[in-house]
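Working through the structure, step by step
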Protein chains: 2
Amino acid sequence: MRNQQVLIDSLPQGKLSASNYRLAESEIAPPAAGQVLVKTTAFAITAGTRAGLQGSASYAGAPTTGVVMNSTGVGEVVESTVAEYAVGDAVVAPTGWQTLSLHEARALTKIDPSHDPVHYLGPLGVNGLTAYFGLLHVGQPKTGETVMVSAAAGSVGHLVGQMARLNGCRVVGVMGSDAKAQVLVDQLGFDVAVNYKDANYRQTLKEATANGVDVYFDNTGGMILGSALFRMNVGGRIACCGVVSQYDTDSPEPGPRGIPGLLVNNRITMRGFLVFDFAQHYAEARQQIHTWLQAGELISLTDEVSGLEAAPEGFVDLLAGGNVGTRIVRI
Amino acid sequence: MRNQQVLIDSLPQGKLSASNYRLAESEIAPPAAGQVLVKTTAFAITAGTRAGLQGSASYAGAPTTGVVMNSTGVGEVVESTVAEYAVGDAVVAPTGWQTLSLHEARALTKIDPSHDPVHYLGPLGVNGLTAYFGLLHVGQPKTGETVMVSAAAGSVGHLVGQMARLNGCRVVGVMGSDAKAQVLVDQLGFDVAVNYKDANYRQTLKEATANGVDVYFDNTGGMILGSALFRMNVGGRIACCGVVSQYDTDSPEPGPRGIPGLLVNNRITMRGFLVFDFAQHYAEARQQIHTWLQAGELISLTDEVSGLEAAPEGFVDLLAGGNVGTRIVRI
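Residues numbered from 1 in each chain as written. Chains lettered and ligands numbered in written order. Predicted model: local features only at pLDDT ≥ 70, side-chain atom pairs only at ≥ 80, totals over all residues. Heavy atoms only, no water.

So, on to the domain arrangement of chain A. Residues and elements named next belong to chain A. Taken as a whole, chain A is organised into domain 1 (2–121 + 300–330) and domain 2 (126–276). Between the C-alpha centres of domain 1 and domain 2 the distance comes to 28 Å. Listed per partner, the contact involves 22 residues of domain 1 and 17 residues of domain 2. Around 1600 Å² of area is buried between domain 1 and domain 2 when both sides are counted, 53% of it from carbon and sulfur atoms. At the junction of domain 1 with domain 2, the criterion picks out 0 salt bridges. For the side of domain 1 that touches domain 2, the residue count by class is 10 nonpolar, 10 polar and 2 charged. (Domains from an automatic or database assignment. Contact = heavy atoms within 4.5 Å. Buried area = accessible area lost by both parts, 1.4 Å probe. Salt bridge = Lys/Arg side-chain N within 4 Å of Asp/Glu carboxyl O. Nonpolar A, V, L, I, M, F, W, Y, C, P; charged D, E, K, R; others polar.)

Expressed as a screw transformation, the operator carrying chain B onto chain A has a rotation angle of 180 degrees and an axial translation of 0.0 Å, and the superposed copies differ by an RMSD of 0.0 Å. The superposition operator between the copies reduces to a two-fold rotation axis. Identified as the residue of chain B closest to the rotation axis by C-alpha distance is Gly 255 of chain B, at 2.1 Å. A share of 100% of the interface residues of chain B reappears at the interface of chain A, consistent with the copies meeting face to face through the same patch. (Least-squares fit on C-alpha atoms with pLDDT ≥ 70 in both.)

The next subject is the packing of helix 1 (residues 126–139) of chain A against helix 8 (residues 282–294) of chain A. Residue and element names in this part refer to chain A. Orientation of helix 1 relative to helix 8, taken along the N-to-C sense of each, is 100 degrees, at an axis distance of 10 Å. Between helix 1 and helix 8, the angle falls in the class roughly perpendicular. Taking contact as the criterion, the partners of Gly 128, Leu 129, Tyr 132 and Phe 133 in helix 1 are, on helix 8, Tyr 282, Ala 285, Arg 286, Gln 288, Ile 289 and Trp 292. Considered class by class, the residues forming the contact of helix 1 with helix 8 number 7 nonpolar, 2 polar and 1 charged. (Axes fitted to C-alpha atoms, helices over the stretch in contact; angles between N-to-C directions. Helix = DSSP H or I, 4+ residues; strand = E, 2+ residues; numbered from the N terminus. Parallel < 35°, antiparallel > 145°, perpendicular 65-115°, else oblique.)

The next thing to look at is the pattern of salt bridges. Side-chain pairs of opposite charge can arise where the charged atoms are in close proximity. Residue and element names in this part refer to chain B. Tallied over the entire structure, the rule returns 20 salt bridges over all chains. Here Glu 25 makes a salt bridge to Arg 2, at a shortest N to O gap of 3.1 Å. On the criterion of sequence distance, the pair formed by Glu 25 in strand 2 (residues 21–27) and Arg 2 in strand 1 (residues 2–8) is long-range, its members being 23 residues apart. For Glu 25, a relative accessible area of 45% puts it in the partly exposed group. Overall, Arg 2 belongs to the partly exposed group, its relative accessible area being 44%. The closest approach of N and O atoms between Glu 145 and Arg 237, which form a salt bridge, is 2.7 Å. (Buried < 20%, exposed > 50% of the residue type's maximum accessible area, 1.4 Å probe, protein only.)

This is how it looks when you write it as structure tokens:
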């Protein structure tokens, strides 16, 4: 069968551009013993994959060219050599940006037919699990505390804020447009949303966090992390999830001022985490998240683009902050 | 009675100098009801008090002039209005840099007559307790792990390294002179000591921490924190205790590069702490430390200067790294 792919053609110098990718077409082999052939129906574009294109060390490993761009996708089994998967089964898979992909059975997750498959790219997938474990296990918010989250309209951030609200916290979102701010407050129940691009950002944040910040969920690093540090209460916790402010550049900023001085004075804990470390608790988290979704208490925002060839521009736009919710490419 | 004092005469612009202090003499009132008059026999000079002379926010509060320089001291009761303290009792007190001082009884700690009073300025005092709780409660080292400590020949650092050794860890000290390095390895049982002033510092540190660092006890911040971050193992802990690299300046450096990116990739926890938060556990810690001292397993290094008037130069020299162990001024 013919497989359409988007390959990494060159590594970005400075900012990523769509020309760092190229479309390719090739013949895909039938599945070998133990393998399953999956036809992609949709995949997610997430900021964290930009780190994998940097020369610097990253959990994503060293960058290479000539390979298909990586991503998590959902799809349908079109050919199977194993008993557990039948043709037509809906699965989650590390599809990458391509229409067909071959997987060992153990790399797949079967999708419960009562669930919307696309939720596995959002609240029931890596984004939702990252929000859940980062907020609840790393941040450990208590009822009545203030939770601040950056990239608050992003795929992880919009879920973090809602989960904080569901845990009885006051929620302050930081994002880069007033339109996003309105979505967070009006549709998702954030208490307040602050635009970091405003000239008065620091003053506005101060007013929005009059009682300080107890938990800061950091998706950005950089200037927003710097501003959060000065708002942290004694004993505050910073869950370090991502560094989107530093991905799309050759010259990352130095760390924020006040590290480690403010950490000492205010006994702040900063803890970096990767969702994979919580794998043994995924099932219970997915159950809780599914319950919230069913009850309408947690809203999953998706921001869809259509067609494989739209993925590169969709990624560039995401890194510039163009998305609201999880960016998904439908094939 | 006449009281000799060292007052803060002016706040330092840039680096601290002895001329920021002046000697003064005044009459001290007899103790009012509930008070105790203490004659200082010795006091400690610690780098952390430099933070109290900075305009920036610090746990030490806003800086002022015309007041006696603060410090913890040991002394003898010379006049008492309370039953718990008799003339001649040895006590720990917030004496400051002066020969006599008045205290409410609750501000004093009685010294066990079987203990060396000067140990209350070192291993049984704030320095020792800071080392103990920062290493064991914040850093949580496990047997066989590697512990790195900066300002390793300082009042806190030289105790941290020994306590890490006593907990079965490999100990790597970082300090600014080869003479100090020799003391740490030859007298205190550090496994290796690395001079951060060497041109090859980063490479030497890499070789000294071939299996990475599991716990970094940070007394300095700045460049040494930056170098430690790149040596941390997955799941490593950084106990943020002090920022001596940033105290004696008007223009602190930005935070180290790699924050928060490295924290995420390697799931590192950085936690700031103040020893006062562990006050309810002081007694048990002192007992353990006393046991180590008695057994000769923990060595307390002191670096003494003589006479109140020597204190300002002693502080300037300490900030330049001139001390080995706890700097104590004997009256």
